[in-house]
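Read off the chains here:
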Amino acid sequence: TIQGFDPHLVVVDHAPAGLFRELAPSLDWLRRRDPAPSLALLMRDITFGPEQTRSIWTNEGVYPLLEEAYDRILVYGDRRIFDPIAAYQMSVPASSRTRFCGYLAPSPPRRSPAQVRDEVGAGTLPLVAVSVGGGGDGCVFLRTYLAGLRDGSRAPVLSYVVTGPLLPEQDRDEIIAMTDSLPNVRVVDFDPDFAAVVRAADAVVCMGGYNSIVESVYFGKRPIVMPRVPGSEEQVLRAEGFSRLGLATVVGPDPLDVSALWHAIDQELNRAGVPTPTVNFDGLECIARELASLATG
């Protein structure tokens with residue numbers, strides 16, 4: 001493919017050498033061209049935890065590529081949230097070609113907040129949006145949230161729960177059984193316009209994935225984040241970074257505690273005003289400008 005297109009600009013996302021280094025021979029071929037094309041690497045704010053990322057990059061020969069091959073390293077993130085240059089020990093040449101472009105704004109919602117509230121039957125109740133991403137490991141998260149709804153002394157809310165399409169069938173059956181005895185709970189596997197629900201919500205509860213946190217903060221929410229564990233440190237680091245700027249509340253991740261989670265939700269529902277985002281969401285425009293500059297020399 002590389003030889004067939006013989007491109008002027010190559011953009012690589014996330015894995016500088018490809019997954020398992022399969023891209024390295026193509027990069028070598030490109031660098032031998034005369035003139036050689038421009039190479040750009042796109043990175044989300046956090047790849048993995050520092051130790052894991054340094055190990056992967058060492059084993060797959062990434063550091064020489066960052067120093068010698070890539071003309072731009074474009075991070076769709078904010079250095080105050082996480083600094084990959086320091087955490088991943090990037091060299092001076094690599095860091096000099098690194099640009100922090102800001103976060104990628106979500107697509108515009110297709111429904112208005114009023115439409116969402118009407119569709120889910122929220123009425124005058126506070127709307128809490130709950131999401132576990134794909135859902136493959138979301139059962140404990142959902143169980144913790146639903147357990148708090150059993151407290152009859154708590155003021156009622158409308159819970160809109162997205163389990164994710166990858167939640168195992170046995171776990172899904174357990175979650176549905178829990179909701180049968182709970183009032184004001186709407187459960188769906190997937191919502192293609194979930195951004196509209198986030199915008200309409202009075203509180204958002206989510207894991208620490210890139211899209212989940214960025215979407216919430218973009219729409220002026222202070223998400224209550226329960227990062228995924230076990231796994232890479234990515235979600236914990238991202239949640240903590242947004243929390244340092246006052247843009248998220250972190251609960252857990254180990255252990256997940258019902259009272260701590262619902263204390264955070266109650267605080268958010270009773271908080272006056274909304275947080276003012278202090279991070280940029282013009283990542284797409286910034287990346288486009290950088291790539292256009294590379295493409296035109």
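So, here is what we can say about the structure in this document. All figures in this text were calculated on a predicted structure; none of them were measured in a lab.

1. Notes on the sheet that holds strand 8 (residues 203–206)
Then, number 1: As summarised here, the arrangement of the 6 strands in space is 7-6-5-8-9-10, forming an open sheet in which the pairing is parallel. Here the strands that pair on one side only, and so sit at the sheet edges, are strand 7 (185–188) and strand 10 (249–250).
Then, number 2: When strand 6 (residues 158–162) meets strand 7, the two strands line up parallel, connected through 4 bridges. For Ser159, the partnering residue across the bridge sits in strand 7 and is Val185.
Then, number 3: Contacting strand 5 (127–131), strand 6 and strand 7, helix 7 (residues 113–120) runs over the sheet at an angle of about 85 degrees to strand 5.

2. Some points on the layout of surface pockets
Then, number 1: In this structure, the largest pocket encloses a volume near 490 Å³.
Then, number 2: Contributing to the lining of the largest pocket are 26 residues, with Asp191, Phe194, Ala195, Asn211 and Glu215 lying nearest its centre.
Then, number 3: At the level of elements, helix 10 (194–200), strand 8 and helix 11 (210–218) are the ones that each hand at least two residues to the lining of the largest pocket.
Then, number 4: If you tally residues by element for the lining of the largest pocket, the top one is helix 11, at 6 residues.
Then, number 5: Tallied by class, the residues present in the lining of the largest pocket amount to 15 nonpolar, 7 polar and 4 charged.

Conventions we followed
- Residues numbered from 1 in each chain as written.
- Predicted model: local features only at pLDDT ≥ 70, side-chain atom pairs only at ≥ 80, totals over all residues.
- Heavy atoms only, no water.
- Pairing = 2+ DSSP bridges.
- Helix = DSSP H or I, 4+ residues; strand = E, 2+ residues; numbered from the N terminus.
- Contact = heavy atoms within 4.5 Å.
- Axes fitted to C-alpha atoms, helices over the stretch in contact; angles between N-to-C directions.
- 1 Å grid on protein atoms, 1.4 Å probe; cavity = no way out; pocket = protein on both sides within 12 Å on 5 of 7 lines; lining within 4 Å.
- Points joined across faces, edges and corners; volume = space filled by probe spheres on them.
- Nonpolar A, V, L, I, M, F, W, Y, C, P; charged D, E, K, R; others polar.

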